Amino acid sequence: MSSTHTHLEQGARVSLAGLLLNVALAAVKLVAGVVGHSFALVADAIESSLDVVGSFVVWRGLRIAGQPADRDHPYGHGRAEALAGLLVALLILVAGVGIAAEAVRGLLSPKAPPATFTLAVILGVVVVKEAMYRYVRRAARRTGSGAVLIEAWHHRSDAITSAAAAVGLAIAIFGGPACAQADNWAALVASGVIVVNAVRLIRSPLGDLMDTRPREVVEQVRVVAGGVHGVQAVEKVLARKTGLAYLVDMHVEVAPEMTVDAAHGIAHAVKDAVRGAMPQVQDVLVHIEPHEPRGSASRP
């Protein structure tokens, strides 16, 4: 089993664990919020419900991305990973905007202070979600999955909203009737943090889907290919990310008098060298060019 496939499986398991946790937390927060008359807790439960959807999207995306290439998808299904990450980032954005709207609506409506036990519930949620964020972030670094990293930040965004709700609940509970709206103000502040994070997270999967040039990968390919015996120069390197792997197209220059058979051997040596030095590279397409010293007349 390839390392890429193994990492996809690890990412899928982490995402499934997050999904099950979010289902449990959403149910706990919803019940506590309704019984304890806390809008902040109910809003947090709604945000956790979106987490459930997000975890499911990432899990399915990684499952699809792990499928091998076929006749209709000769480059594999890796783009499903980036697409899942983009959808989850958009869900975070929608959650942030929705929480802000509900917080503003709550500020315009008078309410009684929430029950004291709701504060204990929300503090427990903060601890669990922050622990889940750290666990999933480690998995994202280990697998190199942008979608799993976004899933980690989804847990962090939930921890942020829950922490803000905890502050607001504490003020509303212990501050008396004059501070009853504190949880709505806290939710409004947290929504701003979530929206900013969502916009930042959208960039990574969008870059993968738009074939943004991975500079570090390109430079490393140049160095490795340039060290292969028989390669006179590396003319051009193109790379794009698909799932957790990279596809590389490159032009290398060899001696003009070299036979086709010998040049073909060098092309295979370059491909083997790159894939051996860079396990994240799934495939390399090498185009052979005759070498011309720099400064000579350009070929037509």
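Residues numbered from 1 in each chain as written. Predicted model: local features only at pLDDT ≥ 70, side-chain atom pairs only at ≥ 80, totals over all residues. Heavy atoms only, no water.

1. Examining the overall build of the protein
Part 1 of the reasoning: Secondary structure summary: the protein contains 8 helices and 3 strands in total.
Part 2 of the reasoning: Its helices and strands taken in sequence order, the protein reads α-α-α-α-α-α-α-β-β-α-β from the N to the C terminus.
Part 3 of the reasoning: Expected size for 300 residues packed as a compact globule is a radius of gyration near 19 Å; at 26 Å, the protein overshoots this value by more than 25%.
Part 4 of the reasoning: Principal-axis analysis of the C-alpha atoms places the extent of the protein at approximately 90 × 40 × 30 Å.
Part 5 of the reasoning: By sequence separation, contacts in the protein at least 24 residues apart represent 73% of the contacts at least 6 residues apart.
Part 6 of the reasoning: Distance from the positive charge centre (27 side chains) to the negative charge centre (25 side chains) of the protein: 6 Å. (Helix = DSSP H or I, 4+ residues; strand = E, 2+ residues; numbered from the N terminus. Rg over C-alpha atoms; globule rule 2.2 N^0.38 Å. Contact = heavy atoms within 4.5 Å. Lys, Arg positive; Asp, Glu negative; His and termini not counted. Charge placed at Lys NZ, Arg CZ, Asp CG, Glu CD.)

2. A closer look at the environment of Arg60
Part 1 of the reasoning: Locating Arg60 in the fold gives a position in helix H2 (residues 39–65).
Part 2 of the reasoning: Distance from Arg60 to Lys271, taken between C-alpha atoms, is 32 Å for residues 211 residues apart in sequence.

3. Comments concerning the confidence of the model for the protein
Part 1 of the reasoning: Here the protein averages 82 in pLDDT, and 92% of its residues register 70 or above.
Part 2 of the reasoning: Within the protein, H2 has the poorest average pLDDT of any element, 75, and helix H8 (residues 260–277) the best, 95. (pLDDT = per-residue confidence, 0-100.)

4. Considering the side chain of Glu81
Part 1 of the reasoning: Among the secondary structure elements, Glu81 is positioned in helix H3 (residues 79–107).
Part 2 of the reasoning: Buried within the structure, Glu81 lacks any salt-bridge partner; Lys241 is the closest side chain of opposite charge, at an N-O distance of 5.1 Å.
Part 3 of the reasoning: Excluding residues within four positions of it along the chain, Glu81 makes contact with Gly61, Leu62, Ala65, Ser145, Gly146, Ala147, Gly243 and Leu244. (Buried < 20%, exposed > 50% of the residue type's maximum accessible area, 1.4 Å probe, protein only. Salt bridge = Lys/Arg side-chain N within 4 Å of Asp/Glu carboxyl O.)

5. Notes on the pairing of strand S2 (residues 245–254)
Part 1 of the reasoning: The element S2 is extensively covered by neighbouring structure, given that 9 of its 10 residues are classed as buried.
Part 2 of the reasoning: With 9 bridges connecting them, strand S1 (residues 233–242) and S2 associate as antiparallel partners. Following the sheet pairing, Lys236 is matched in S2 by His251.
Part 3 of the reasoning: In textbook terms, the turn of a hairpin is the stretch between consecutive antiparallel strands, and for S1 and S2 this stretch comprises 2 residues, one of which, Gly243, has a positive phi near 70 degrees.
Part 4 of the reasoning: As paired elements, S2 and strand S3 (residues 281–290) share 9 bridges and run parallel to each other. If you follow Met250 over to S3, its bridge partner there is Val286. (Pairing = 2+ DSSP bridges.)

6. Digging into the layout of surface pockets
Part 1 of the reasoning: Approximately 190 Å³ is the volume found for the second largest pocket.
Part 2 of the reasoning: Taken together, Pro74, Tyr75, Arg240, Leu247, Val248, Asp249, Lys271, Gln282, Asp283, Val284 and Leu285 form the lining of the second largest pocket.
Part 3 of the reasoning: Breaking the lining of the second largest pocket down by element, the ones donating at least two residues are S2 and S3.
Part 4 of the reasoning: Looking at the lining of the second largest pocket, the element that brings in the most residues is S3, giving 4 residues.
Part 5 of the reasoning: Its residues assigned to classes, the lining of the second largest pocket comprises 6 nonpolar, 1 polar and 4 charged. (1 Å grid on protein atoms, 1.4 Å probe; cavity = no way out; pocket = protein on both sides within 12 Å on 5 of 7 lines; lining within 4 Å. Points joined across faces, edges and corners; volume = space filled by probe spheres on them. Nonpolar A, V, L, I, M, F, W, Y, C, P; charged D, E, K, R; others polar.)

7. Examining the sheet that holds S2
Each strand in a sheet pairs with another by means of backbone hydrogen bonds, the pair being arranged parallel or else antiparallel.
Part 1 of the reasoning: Spatially, 3 strands are ordered S1-S2-S3 in an open sheet, and the strand pairing comes out mixed. The strands lining the two open edges of the sheet, one partner per strand, are S1 and S3. Taking each pair of neighbouring strands and ignoring which way they run, the sheet shows an average axis angle of 15 degrees.
Part 2 of the reasoning: Here helix H7 (residues 215–226) sits on the sheet in contact with S1 and S2, set at roughly 140 degrees to S1. (Axes fitted to C-alpha atoms, helices over the stretch in contact; angles between N-to-C directions.)

8. Considering the pattern of salt bridges
Part 1 of the reasoning: Under the definition given, this model contains 6 salt bridges.
Part 2 of the reasoning: Between Glu219 and Arg213 there is a salt bridge; the shortest N-O distance is 3.6 Å.
Part 3 of the reasoning: Overall, the relative accessible area of 42% leaves Glu219 in the partly exposed class.
Part 4 of the reasoning: The residue Asp283 makes a salt bridge to Lys271 at a minimum N-O spacing of 3.2 Å. On the criterion of sequence distance, the pair formed by Asp283 in strand S3 and Lys271 in helix H8 is long-range, its members being 12 residues apart.
Part 5 of the reasoning: What makes Asp283 partly exposed here is its relative accessible area of 34%.
Part 6 of the reasoning: Put simply, Glu130, Arg134 and Arg156 are held in one network by salt bridges that share partners.

9. Describing unusual backbone geometry
Part 1 of the reasoning: Phi is positive for Asp211, which is not a glycine, with a value near 55 degrees.
Part 2 of the reasoning: Within the element layout of this structure, Asp211 appears in the loop between helix H6 (182–209) and H7.

10. What to know about the side chain of Ser191
Part 1 of the reasoning: Among the secondary structure elements, Ser191 is positioned in helix H6.
Part 2 of the reasoning: Among residues more than four places away in sequence, those in contact with Ser191 are Gly96, Ile99 and Ala100.

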